[in-house]
Amino acid sequence: MREELIAQLNAWHEADEYEEIVSRIKEVPTPLIDEELAVHLGRALNNLGRYREALKWFNKAADQGKKDPLWHFRVGYAHYYLDEYDQAIKAFKKANKLDPEDQDTIEFLEWSRSEKAALAAADEDSEDADEASEADSGSDTSPDAEPDAAKETKH
């Protein structure tokens, strides 16, 4: 019976029928969802864009996943699409260490690093713009300035 369930889950995965996987596994009482089923459920949820929920199920299989590069990849994938780049980088680095030849891992690791750098640059640009805006508004609020001119610089 167990082998049949796993075979069916794999068949649904190959057919991109992720909702079927989620529905079938959720029929199992939660305490009986073991690490293997949790990974299947997390994988299906990732493919459905339900990343936060996927991470919950991957965490249930964390002991099994510690030495599994695919588990780390899937965790990194969820974090990547949640814009949690630090966690994504950590997971992809671990996956890469366990399987240095996997091109998907290498690609997602590079993308995660690029996204993190882009966010840092955008934050820096935003801070610079805020500082420039503060400096501009400070110079137009002299006692002799007209009230309308001061209002214009605040908006």
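Residues numbered from 1 in each chain as written. Predicted model: local features only at pLDDT ≥ 70, side-chain atom pairs only at ≥ 80, totals over all residues. Heavy atoms only, no water.

Draft legend 1. Main features of the overall build of the chain. When helices and strands are counted, the chain shows 9 helices and 0 strands. When the elements of the chain are put in sequence order from the N terminus, they spell out α-α-α-α-α-α-α-α-α. By the burial criterion, 32% of the 155 residues in the chain qualify as buried. Partitioning the contacts of the chain with sequence separation of at least 6, the portion at a separation of at least 24 is 50%. (Helix = DSSP H or I, 4+ residues; strand = E, 2+ residues; numbered from the N terminus. Buried < 20%, exposed > 50% of the residue type's maximum accessible area, 1.4 Å probe, protein only. Contact = heavy atoms within 4.5 Å.)

Draft legend 2. Main features of a negative patch on the surface. Among the surface-exposed residues, Asp 123, Glu 124, Asp 125, Glu 127 and Glu 131 lie close enough to one another that they form a single negatively charged patch. Topologically, Glu 124 is positioned in helix α8 (residues 103–139). (Patch = residues over 30% accessible without salt bridge, like charges linked within 9 Å, V, L, I, M, F, W, Y side chains within 5 Å. Areas by Shrake-Rupley, 256 points an atom, 1.4 Å probe, with all protein chains shown as cover. Salt bridge = Lys/Arg side-chain N within 4 Å of Asp/Glu carboxyl O. Lys, Arg positive; Asp, Glu negative; His and termini not counted. Charge placed at Lys NZ, Arg CZ, Asp CG, Glu CD.)

Draft legend 3. The pattern of salt bridges, seen in detail. Scanning the entire structure with this criterion turns up 9 salt bridges. Glu 53 is paired through a salt bridge with Lys 26; the nearest N and O atoms lie 2.6 Å apart. Here Lys 26 lies in helix α2 (residues 18–26) and Glu 53 lies in helix α4 (residues 51–60), a separation of 27 residues in the sequence. Judged by its relative accessible area of 23%, Glu 53 falls in the partly exposed class.

Draft legend 4. Molecular detail of the confidence of the model for the chain. Of the residues in the chain, 83% reach a pLDDT of 70 or more, and the chain-wide mean stands at 88. Predicted confidence for residues 139–155 stays below pLDDT 50, and this span has 5 contacts to residues more than four positions away or in other chains. (pLDDT = per-residue confidence, 0-100.)

Draft legend 5. Looking closely at the nonpolar core. In terms of nonpolar packing, the biggest core is built from 26 residues, with Leu 9, Ile 21, Ile 25, Ile 33 and Leu 37 touching the most fellow members. For this core, the secondary structure elements donating two or more residues are α1 (2–14), α2, α3 (35–47), α4 and α6 (69–81). By residue number, the principal contributor to this core is α3, which donates 6 residues. Here Leu 9 is in contact with Ile 21, Ile 25, Leu 37, His 40 and Arg 43, once residues within four sequence places are set aside. Membership of the second largest hydrophobic core comes to 9 residues, among which are Phe 73, Tyr 80, Ile 89 and Phe 108. (Core = buried A, V, L, I, M, F, W, Y, C linked by side-chain atoms within 4.5 Å.)

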